[in-house]
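# What the coordinates show
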Amino acid sequence: MMCFFYSVLHMFVDGVCAYAMFGTYVLQENGNFYLLLYNFCAFALQMPIGALFDIFAVKMKQAGWDIPFAAVAAGVLLTLTGAVTHPAVLGIGNALFHVGGGLGTIREDMLSGWHGRRLGVFVAPGALGLFAGTWMAKYRLGTGVIAMAGSVMFCLYGVLFCVKKYVVLRPVKQFAYQRQKSAASGSGRFCLAVCCFIVVILRSYIGLAVAFPWKTTALYGGAAVLAVTAGKVAGGFFAARYGCPKTALLSLAFAAACYWYSPICAVGLMALFLFNMTMPMTLYLLVGAFHPMGGFAFGLLTFALFLGYLPVYFGWKLCIGGTAIGCAGSILSLLLLRFGMRKGGRDGFYFPD
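Bear in mind the structure is a predicted one, so any value in this text is a computation, not a measurement.

### Overview of the overall build of the protein
- Regarding its fold elements, the protein presents 16 helices and zero strands.
- Relative to its 353 residues, the protein shows a buried fraction of 53%.
- Of the contacts formed within the protein by residues at least 6 apart in sequence, a portion of 85% connects residues at least 24 apart.
- Total accessible area computed for the protein in this model is approximately 16100 Å², and 71% of it derives from carbon and sulfur atoms.

### With respect to the pattern of salt bridges
- Inspection of every chain in the model, using the stated rule, returns two salt bridges.
- The partner of aspartate 66 in a salt bridge is arginine 107, and the shortest N-O contact between them spans 3.5 Å. With aspartate 66 in the loop between helix H4 (57-62) and helix H5 (67-82) and arginine 107 in helix H6 (residues 87-112), the pair connects residues that are 41 residues apart, well separated along the chain.
- The exposure class of arginine 107 is partly exposed, given its relative accessible area of 34%.
- Residues glutamate 108 and arginine 118 are paired through a salt bridge, measuring 3.7 Å at the closest nitrogen-oxygen approach. Within this pair, whereas glutamate 108 is found in helix H6, its partner arginine 118 is found in helix H7 (residues 117-123), the two being separated by 10 residues in sequence.

### Some details on the packing of aromatic side chains
- Summed over all chains, the structure comprises 19 aromatic pairs.
- When the centroid spacing of 5.7 Å and the interplanar angle of 85° are considered together, the rings of tyrosine 259 and phenylalanine 275 count as edge-to-face. A residue pair is termed long-range when its members are at least 10 positions apart, and tyrosine 259 in helix H12 (residues 244-260) and phenylalanine 275 in helix H13 (residues 265-275) qualify at 16 residues.
- For tyrosine 259, a relative accessible area of 1% translates into the label buried.
- When its relative accessible area of 2% is taken as the criterion, phenylalanine 275 is described as buried.

### Comments concerning helix H8 (residues 125-138)
- Taking 1.5 Å per residue as the helical rise, H8 with its 14 residues ought to reach 20 Å, and the 20 Å between its terminal C-alpha atoms agrees with that figure.
- Regarding H8, the residues found buried are Pro125, Gly126, Ala127, Gly129, Gly133 and Ala137.
- Here the buried face of H8 lies against helix H1 (2-25), H7 and helix H11 (218-242).
- Phi turns positive, to about 45°, at arginine 140, one or two residues after H8.

### Examining the nonpolar core
- If you look at the biggest cluster of nonpolar residues, it comprises 93 residues, and the most contacted ones within it are Leu9, Leu90, Leu160, Tyr259 and Leu337.
- With 12 residues, H1 is the largest single contributor of residues to this core.
- Listed in part, the eight residues of the second largest apolar core include Ile67, Ala71, Leu96 and Val99.

### What about the packing of helix H10 (residues 186-209) against helix H14 (residues 278-290)?
- Direction vectors running N to C along H10 and H14 enclose 155°, while the axes themselves pass 9 Å from each other. Overall, the two elements H10 and H14 adopt an arrangement that is roughly antiparallel. The element H10 and its partner H14 pack so that their crossing is left-handed. Side by side, H10 and H14 meet where Arg189, Leu192, Ala193, Cys196, Val199, Val200 and Arg203 of the first sit next to Thr278, Met279, Thr282, Leu285, Leu286, Ala289 and Phe290 of the second.
- For the contact of H10 with H14, the per-class residue count stands at 10 nonpolar, two polar and two charged.

### Considering the environment of phenylalanine 238
- Of note, phenylalanine 238 is situated in helix H11.
- Accessibility expressed as a relative area gives 40% for phenylalanine 238, which makes it partly exposed.
- Considering only alpha carbons, one finds phenylalanine 238 and arginine 117, 121 residues apart in sequence, at a separation of 8.3 Å.
- Setting aside residues no more than four positions away along its own chain, phenylalanine 238 makes contact with Gly243, Thr247 and Met277.

### What about the packing of helix H3 (residues 46-55) against H6?
- It is at 9 Å that the axes of H3 and H6 come closest, and there the two elements cross at 45°. Taken together, H3 and H6 sit at an angle that is classed as oblique. Considering only the axes of H3 and H6, their crossing is right-handed. For the pair H3 and H6, the contacting residues are Gln46, Ile49, Gly50, Phe53 and Asp54 in the first and Asn94, Ala95, Leu96, His98, Val99 and Leu103 in the second.
- Its residues assigned to classes, the contact of H3 with H6 shows six nonpolar, four polar and one charged.

### Quick look at the side chain of serine 333
- Mapping serine 333 onto the fold places it in helix H16 (residues 322-344).
- Serine 333 gets classed as buried once you look at its relative accessible area, which sits at 1%.
- Each residue touching serine 333, except ones within four places of it in the same chain, is listed here: Val199, Leu202, Leu252 and Phe275.

What counts, and where the lines are drawn
- Residues numbered from 1 in each chain as written.
- Predicted model: local features only at pLDDT ≥ 70, side-chain atom pairs only at ≥ 80, totals over all residues.
- Heavy atoms only, no water.
- Helix = DSSP H or I, 4+ residues; strand = E, 2+ residues; numbered from the N terminus.
- Buried < 20%, exposed > 50% of the residue type's maximum accessible area, 1.4 Å probe, protein only.
- Contact = heavy atoms within 4.5 Å.
- Areas by Shrake-Rupley, 256 points an atom, 1.4 Å probe, with all protein chains shown as cover.
- Salt bridge = Lys/Arg side-chain N within 4 Å of Asp/Glu carboxyl O.
- Phe/Tyr/Trp six-rings, centres within 6.5 Å; stacked < 30°, edge-to-face > 60°.
- Expected span 1.5 Å × (residues − 1).
- Core = buried A, V, L, I, M, F, W, Y, C linked by side-chain atoms within 4.5 Å.
- Axes fitted to C-alpha atoms, helices over the stretch in contact; angles between N-to-C directions.
- Parallel < 35°, antiparallel > 145°, perpendicular 65-115°, else oblique.
- Left-handed = near helix turned anticlockwise from the far one by under 90°.
- Nonpolar A, V, L, I, M, F, W, Y, C, P; charged D, E, K, R; others polar.

Structure representation (structure tokens):
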């Protein structure tokens, strides 16, 4: 229930951020710097913010603070404020919302025994928001767009506030907070975390660096975004049903093959779908390895997204073509995930065989 509202709000928050950045800030004299500053605040700062929430979680709960709910509210307010003030404020609002919504979704997923399904559902709509916000900024529809989006966001949060008190989460019998008994050592879980971290860097870089020759119109761009969104959602459901090892093997192996023929539109869309299925898996694995530090785990992966963005921002290009980059990145991601899961003993909440 809560995940639905967080997911819809996620789409609007990212849409407002994209609209403000590409419709206003990037067009200014310091636009290039503003873009880097925004991405740093929006993605890199999620790690320290999430860690602080984890550290003070008990004290804040004793004081009557619902961390996810309060962080989402602060994130929405700062995002709307930052849209008309400064990109740093915009980025901090985005970071607060993501950590709050991520923590709320992780908690709901754990207690309901969905085994990671909700993680992809929460993160996926962000791509839709980014596409819509960028598209509207291109046509300069005016600040009224932000006012309309803000009105919808406040209405959604109001409904969420009313619904929240009726939502009672109780652990299912087959599921609980404690980890499964595992032979994995602390070093094994650390290895799993490093592998997931590198996989997210690769996914971020490949998603920005690989260009498709058929992606020349808004229609094809929208189709690509839908493929990315659907892949993130499907990854969580497939991993929960068939297990992370099998899902990672099949999705990334076929993604590598599809990337090789990605100049063909249908095959390229399938490559995007399959490659992005790893997103909820890496988050689920990392949250399991660092439990109960869900905020830090979520922020660590968004920091990896920021690192993957830097080579593209600075224009560092590889000497190989986009199809080869996508293919090699898929194979390397597969090897890293398989190695990390083997070393980490799949330690976490619950990983089906």
